[in-house]
Amino acid sequence: MEQEVKEKPWTGRFTESTDAFVEAFTASVTFDQRLAYFDIRGSIAHARMLAEVKVISVEECEQIIEGLEAIQQEIEEGSFNWSIALEDVHMNVESRLVAKIGDVGKKLHTGRSRNDQVATDIRLWLRSETDTILAEIDRLQEALLRLAEQEAETIMPGFTHLQTAQPVTFGHHMMAWFEMLSRDRSRLIDCRKRVNRMPLGAAALAGTTFPIDRNITARLLGFDAPSENSLDAVSDRDFSIEFTSAAALLMMHLSRFSEELILWASDPFSFIELPDSFCTGSSIMPQKKNPDVPELVRGKSGRVFGHLIGLLTLMKGQPLAYNKDNQEDKEPLFDTVDTLKGSLKVYADMMPTVVVQRENTRAAAGRGFSTATDLADYLVRAGVPFRDSHEIVGKAVRFGIEQQRDLAELTLQELQQFSAVIEQDVFEVLTLEGSVAARNHLGGTAPEQVRSAVMRARARKAEELSGASAFQDQSY
Ligand code: ARG
């Protein structure tokens, strides 16, 4: 019964066949076959709509859907024969449909073009990938919240210029990362709204002469609405650029986390221990345990930044409406999604396994005069103008450097050489615990504040997750 259709569907006006190299050069099937599932869902919705508006009969529609579902099966099983000659995923699937169900299959493309079809496929695919990515962000954020709670009192040095600045709590540091991810998450959710517009019905560029109802297809495919303008619908790739831009920011954040983890896991820091399962050894230096995972994530940020520039450049010279240039949108977008998903997954898996070496972080905070600002604030509270107190503490620090002792290790008498207002109670502010506990206001590093930041974050997350059902794919 099955007839083999190998012929390209557009050869009617051609007299010569395609040059073999040109055929391979212009084909996209090697990479766009990953859109197949969404291509088929889009086609099924299109067929249903065509039947509803009576452009095809209900029987024809049923035959088409049955054929498409069978093709879906073949693809899943790996028995589908992808052909370069058939250029892309759309023509491969359509040609197979005609081979399976005969002439009825040729009716599927009524009122549609590959131009609106491909734009629809990418949007459906990206919407689904965005949801997976959002779930991975949630998982990583949960790991950070746990770590923040667990290490709410753990003292570590806070840095500016990578010089010891003031003591902070490890939990506070984790919550800083959490905040970055919260912004990333909201950027992706916002981007998703613009991804979720349906180009289908724009046809090649101007719409179609058939009495289509785009609201039906949009509803079937779970789009918020059909796009407004057919020229814009087939040529717009803003949504890919926007997604890649949000991804680039997210990768930049993961790269910064990575840089910190790499430093912290290094021997001179020894702030954390990464488990063996996330590290590799050296083939020559037996003592080495390398933090490959964060290093790779840091390295991978580069390709996503590159894809952003690549996509912007791809679009900048294109007149309306569709141009073949747009075929080049897929590989950068696919790689952006793969890189981001992989990096988030490995981070969400790795963070719960990080062991904080509390004694080392505390000892590091105890070096480097991290409570110097606390002494300056103490003097101000005793009536010394801040600029004078800064000068006084600077001298005390210089004395400490000469003596190789931290401020808290100087005696009261030694401290009093620098200012007579200093009393015994100064040692309360010079301790690391006193220093962090004193920064006890919204957004501060005090353990109490870290705990309430975690609580607020959990409440926010619960709200986000309860709204999440709105973002799940509808059943097509
Ligand atoms: N493979 C093409 C792409 O990725 C599909 C659209 C082709 N349209 C066309 N008129 N040649 O963009």
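Scoring rules and cut-offs
- Residues numbered from 1 in each chain as written.
- Predicted model: local features only at pLDDT ≥ 70, side-chain atom pairs only at ≥ 80, totals over all residues.
- Heavy atoms only, no water.
- Helix = DSSP H or I, 4+ residues; strand = E, 2+ residues; numbered from the N terminus.
- Rg over C-alpha atoms; globule rule 2.2 N^0.38 Å.
- Buried < 20%, exposed > 50% of the residue type's maximum accessible area, 1.4 Å probe, protein only.
- Contact = heavy atoms within 4.5 Å.
- Areas by Shrake-Rupley, 256 points an atom, 1.4 Å probe, with all protein chains shown as cover.
- Lys, Arg positive; Asp, Glu negative; His and termini not counted.
- Charge placed at Lys NZ, Arg CZ, Asp CG, Glu CD.
- pLDDT = per-residue confidence, 0-100.
- Axes fitted to C-alpha atoms, helices over the stretch in contact; angles between N-to-C directions.
- Parallel < 35°, antiparallel > 145°, perpendicular 65-115°, else oblique.
- Left-handed = near helix turned anticlockwise from the far one by under 90°.
- Nonpolar A, V, L, I, M, F, W, Y, C, P; charged D, E, K, R; others polar.
- Phe/Tyr/Trp six-rings, centres within 6.5 Å; stacked < 30°, edge-to-face > 60°.
- Lys NZ or Arg CZ within 6 Å of the ring centre and 35° of its normal.
- Near = heavy atom within 4 Å.
- Polar contact = N/O pair within 3.5 Å; in protein donor to acceptor, adjacent residues only side chain to side chain.
- Core = buried A, V, L, I, M, F, W, Y, C linked by side-chain atoms within 4.5 Å.
- Pairing = 2+ DSSP bridges.
- Arc of directions from axis to C-beta.

Secondary structure assignment for the chain yields 19 helices and 6 strands. Whereas a compact globule of 476 residues would reach a radius of gyration of roughly 23 Å, the chain reaches 30 Å, over 25% beyond that. Each principal axis of the C-alpha atoms in the chain carries an extent, and together these give about 100 × 50 × 40 Å. Of all 476 residues assigned to the chain, the portion counted as buried reaches 50%. Across the chain, the fraction of contacts at a sequence separation of at least 24, relative to all contacts at a separation of at least 6, is 76%. If you sum the accessible surface of the chain, you get close to 22,800 Å²; carbon and sulfur atoms cover 53% of it. Seen as two clouds, the 52 positive and the 72 negative side-chain charges of the chain have centres 2 Å apart.

Summarising the model, the chain shows a mean pLDDT of 95, and 97% of its residues fall at 70 or more. The model gives residues 1–5 a pLDDT under 50, and that stretch makes 12 contacts with residues more than four places away or in other chains.

Moving on, we come to the packing of helix H6 (residues 114–150) against helix H19 (residues 447–466). At a minimum axis distance of 10 Å, the contact between H6 and H19 shows a crossing angle of 160 degrees. By the angle between their axes, H6 is roughly antiparallel relative to H19. Helix-helix and strand crossings are classified by hand; for H6 and H19 the assignment is left-handed. Only Val 450, Val 454, Ala 457, Arg 458, Lys 461 and Leu 465 of H19 make contact with H6, whose side of the interface consists of Asp 138, Gln 141, Glu 142, Leu 145, Arg 146, Ala 148 and Glu 149. Its residues placed into classes, the contact of H6 with H19 shows 6 nonpolar, 1 polar and 6 charged.

One pass over the full model with this rule turns up 13 aromatic pairs. Seen from their ring centres, Phe 80 and Trp 82 are 4.4 Å apart, and the 55 degrees between their planes marks the pair as tilted. When its relative accessible area of 8% is taken as the criterion, Phe 80 is described as buried. Residues Trp 177 and Phe 257 carry aromatic rings whose centres are separated by 4.3 Å and whose planes lie at 10 degrees to one another, so their mutual orientation is stacked. One end of the pair, Trp 177, is in helix H7 (residues 170–195); the other, Phe 257, is in helix H10 (residues 238–265), with 80 residues separating them in the sequence. Classification of Trp 177 by relative accessible area gives buried; the value is 2%. Overall, the relative accessible area of 1% leaves Phe 257 in the buried class. Above the face of the Phe 14 ring, Arg 13 is positioned so that its terminal group lies 5.9 Å from the ring centre.

In this section: the site of the ligand. Around the ligand, a shell composed of Ser 28, Asp 32, Asp 88, His 90, Arg 114, Asn 115, Val 118, Tyr 322, Gln 327 and Lys 330 is seen. Measuring from a nitrogen atom of the ligand, one finds a side-chain N or O atom of Ser 28 at 3.1 Å. The contact in question runs from an oxygen atom of the ligand to an N or O atom on the side chain of Lys 330, over 2.6 Å. Here the ligand loses 86% of its free accessible area of 350 Å² to cover by the protein chains. Tallying contributions element by element places H6 first for the shell around the ligand, with 3 residues.

Moving on, we get to the nonpolar core. Residues Phe 243 and Met 351 are the most contacted members of the largest nonpolar core, which totals 76 residues. Of all the elements in the fold, those that place two or more residues in this core are helix H3 (36–52), H6, H7, helix H8 (214–221), H10, helix H11 (292–316), helix H12 (330–350) and H19. Here the element with the most residues in this core is H6; it accounts for 14 residues. In contact with Phe 243, not counting residues within four places along its chain, are Leu 126, Thr 130, Ile 133, Leu 188, Cys 191, Leu 333, Thr 336, Val 337 and Leu 340.

Turning our attention to the pairing of strand E2 (residues 163–169). Note: strand E1 (residues 155–160) against E2, 6 bridges, orientation antiparallel. Opposite Pro 157, over in E2, you have Pro 167 as the bridge partner.

Note on helix geometry: an α-helix contains 3.6 residues per turn, so any two residues three or four positions apart are oriented the same way. All of the buried residues along helix H13 (residues 358–366) are Thr 361, Ala 364 and Ala 365. On an axial view of H13, the arc spanned by its buried residues comes to 100 degrees, and they lie on one face. Tucked into the core, H13 has its buried residues touching E1, strand E6 (355–356) and helix H18 (432–438). Positioned one or two residues after H13, Gly 368 has a phi angle of 80 degrees, which is positive.

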